[in-house]
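One letter stands for each residue in the lines below.
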Amino acid sequence: MRTQAIQISDFGGPEVLQAREIELSEPAQGEVRVRQHCVAVNFVDVYHRIGQLHGDGPRPPFVPGVQANGVIEALGEGVIAGELKVGDRVTYANIGIGSYVGHRNLPAERLVKIPDTLSDELVAASYLRGLTAHYLLKRLYKVQPGDHVLIHAAAGGVGQLMVQWAKALGAIVIGTVSNASKAERARSLGCDYPIVYTRENFADAVLKITQGEGVPVVYDSVGRDTFQDSLRCTRPMGMAINYGTASGQVEAFPLQDLHSKSLSVCRPTLRTWIAKQSDLHWASNELFELLSLGGLQIDVAAQLPLQEAAQAHRLIEDRNTAGAIILKP
Ligand SMILES: NC(=O)c1ccc[n+]([C@@H]2O[C@H](COP(=O)([O-])OP(=O)(O)OC[C@H]3O[C@@H](n4cnc5c(N)ncnc54)[C@H](OP(=O)(O)O)[C@@H]3O)[C@@H](O)[C@H]2O)c1
């Protein structure tokens, strides 16, 4: 069969995202074919498009995208009937690149069923981001009640979930944002101290809030523009986590810089934290439970037809959106 797709033929600006039709074979052994209802736009799609490679990034030509959800249309050989069936609503994240398509064949073992209580749109907005918040807050650094935590880009997609989840764990949340309306949104989600980091130095503000001590953990998704100041406001024996590079990759610095405060630095990726199926299901269940109870919200900043993927990339790169962008095949 043929299906719609967005393809990248060269690294470059949003204009390199071109609509095409591609051929899709029947699902192979262990695969199912999914008719996709919602394709998520994640910031990593921008890194892939511009060629900001993290070692093993894709090279053109390729279909971008790391997350989507939809309905199973066909089962390949060897898929255990009963575990997954035609008509099931399923989601996935980080099964290789290629989610900007109408239909896709996917390995059954990496798909997770969506509870009836959750809409396709909510899952598209929150799934990969929520799995990320889960490992960052509950595994990599285990947030304790009373911890001050610093979350950069606190009104962004991951940021919104991080703020609410950290708050639910009992943290005192400090968040950075680029303008006043994002500060308001972060505050309404539970951020105790929103800092507009385009107007004031956030490290100075954090040190003031924590009476000179600094925070035990910084969740830094901005990277190049923020990381040195993130280290400056991390308290002795604290952890500075660089989990995203929206402003570019962190420049190399001497390891010795960590010595005087005994700091830990980490550069993690979700892929490793959900590589085991048991971890994938554990994190998915905890996320779905919280979403079902209304304990986490996320704004859907825009919903666009799949063919308008270029516009979606412009929106996310211009920093004008708060929350998530979804493409509809
Ligand atoms: N390592 C992992 O496991 C993992 C997994 C998922 C996501 N991530 C990372 O998490 C971050 C958030 O992802 P998301 O998809 O939810 O995106 P997003 O937060 O909706 O968008 C990125 C945000 O970064 C901020 N930003 C700061 N400097 C920027 C710049 N120069 N250009 C563009 N934006 C800039 C903007 O917020 P302000 O305007 O408020 O500054 C922007 O809204 C990304 O960095 C992503 O790579 C990492």
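Residues numbered from 1 in each chain as written. Predicted model: local features only at pLDDT ≥ 70, side-chain atom pairs only at ≥ 80, totals over all residues. Heavy atoms only, no water.

(A) Main features of the site of the ligand. Close contacts around the ligand come from 28 residues, with Tyr135, Ser178, Lys182, Tyr197 and Leu270 the closest. Tyr135 is positioned with one of its side-chain polar atoms (N or O) 2.7 Å from an oxygen atom of the ligand. Within the contact set of the ligand, an oxygen atom lies 2.5 Å away from a side-chain nitrogen or oxygen of Ser178. Of all the secondary-structure elements, those providing two or more residues to the shell around the ligand are helix 1 (43-50), helix 2 (120-140) and helix 3 (157-168). Broken down by element, the residue count for the shell around the ligand peaks at four residues, all from helix 2. Formed jointly, the shell around the ligand draws a minimum of three residues from each of two domains, domain 1 (2-114 + 299-328) and domain 2 (128-270). (Near = heavy atom within 4 Å. Polar contact = N/O pair within 3.5 Å; in protein donor to acceptor, adjacent residues only side chain to side chain. Helix = DSSP H or I, 4+ residues; strand = E, 2+ residues; numbered from the N terminus. Domains from an automatic or database assignment.)

(B) Representation of the pattern of salt bridges. This model, assessed by the stated rule, comprises 17 salt bridges. The salt bridge partner of Arg2 is Glu23, with a shortest N-O separation of 3.2 Å. Taken as a pair, Arg2 in strand 1 (residues 2-8) and Glu23 in strand 2 (residues 17-23) lie far apart in primary sequence, 21 residues in all. On the basis of relative accessible area, Arg2 is assigned to the partly exposed category, the value being 47%. One salt-bridge network, held together by shared partners, links Glu26, Arg33, Arg35 and Glu73. (Salt bridge = Lys/Arg side-chain N within 4 Å of Asp/Glu carboxyl O. Buried < 20%, exposed > 50% of the residue type's maximum accessible area, 1.4 Å probe, protein only.)

(C) View of the packing of helix 2 against helix 8 (residues 277-292). At a closest axis distance of 9 Å, the pairing of helix 2 and helix 8 adopts a crossing angle of 115°. The orientation of helix 2 relative to helix 8 falls into the category roughly perpendicular. Here helix 2 and helix 8 pass one another in a crossing that is right-handed. Contacts from Leu122, Val123, Ser126, Tyr127, Gly130, Leu131, His134, Lys138 and Arg139 of helix 2 reach helix 8 at Asp279, Leu280, Trp282, Ala283, Ser284, Glu286, Leu287, Phe288 and Leu291. Within the contact of helix 2 with helix 8, the residues separate by chemical class into ten nonpolar, four polar and four charged. (Axes fitted to C-alpha atoms, helices over the stretch in contact; angles between N-to-C directions. Parallel < 35°, antiparallel > 145°, perpendicular 65-115°, else oblique. Left-handed = near helix turned anticlockwise from the far one by under 90°. Contact = heavy atoms within 4.5 Å. Nonpolar A, V, L, I, M, F, W, Y, C, P; charged D, E, K, R; others polar.)

(D) Seen up close, the sheet that holds strand 13 (residues 264-266). The strand order across the open sheet formed by six strands is 10-9-8-11-12-13, and the pairing between neighbours is parallel. Here the strands that pair on one side only, and so sit at the sheet edges, are strand 10 (193-196) and strand 13. With direction set aside, neighbouring strand axes in the sheet form an average angle of 15°. Of the pairings in the sheet, the one linking strand 8 (residues 148-151) to strand 9 (residues 172-177) comprises four bridges and is parallel in character. Bridge pairing in strand 9 places Leu150 opposite Ile174. Where helix 5 (residues 202-209) meets the sheet, its contacts fall on strand 8, strand 9, strand 10 and strand 11 (215-220), and the angle it forms with strand 10 comes to roughly 155°. (Pairing = 2+ DSSP bridges.)

(E) Just the nonpolar core, in detail. Counting 54 residues, the largest nonpolar core has Tyr127, Val149, Ile151, Met162, Tyr219 and Ile241 as its most contacted members. At eleven residues, helix 2 tops the list of elements feeding residues into this core. Three or more residues apiece are contributed to this core by two domains, here domain 1 (2-114 + 299-328) and domain 2 (128-270). Apart from residues no more than four positions distant in its own chain, Ile151 is found in contact with Gly159, Met162, Val163, Ala166, Val173, Ile174, Gly175, Thr176 and Tyr219. Counting residues in each nonpolar core, the second largest holds 33 residues, with Val39, Val79, Val101 and Ile316 among its members. (Core = buried A, V, L, I, M, F, W, Y, C linked by side-chain atoms within 4.5 Å.)

Honestly, that's just the spatial picture; any functional story needs more than this.
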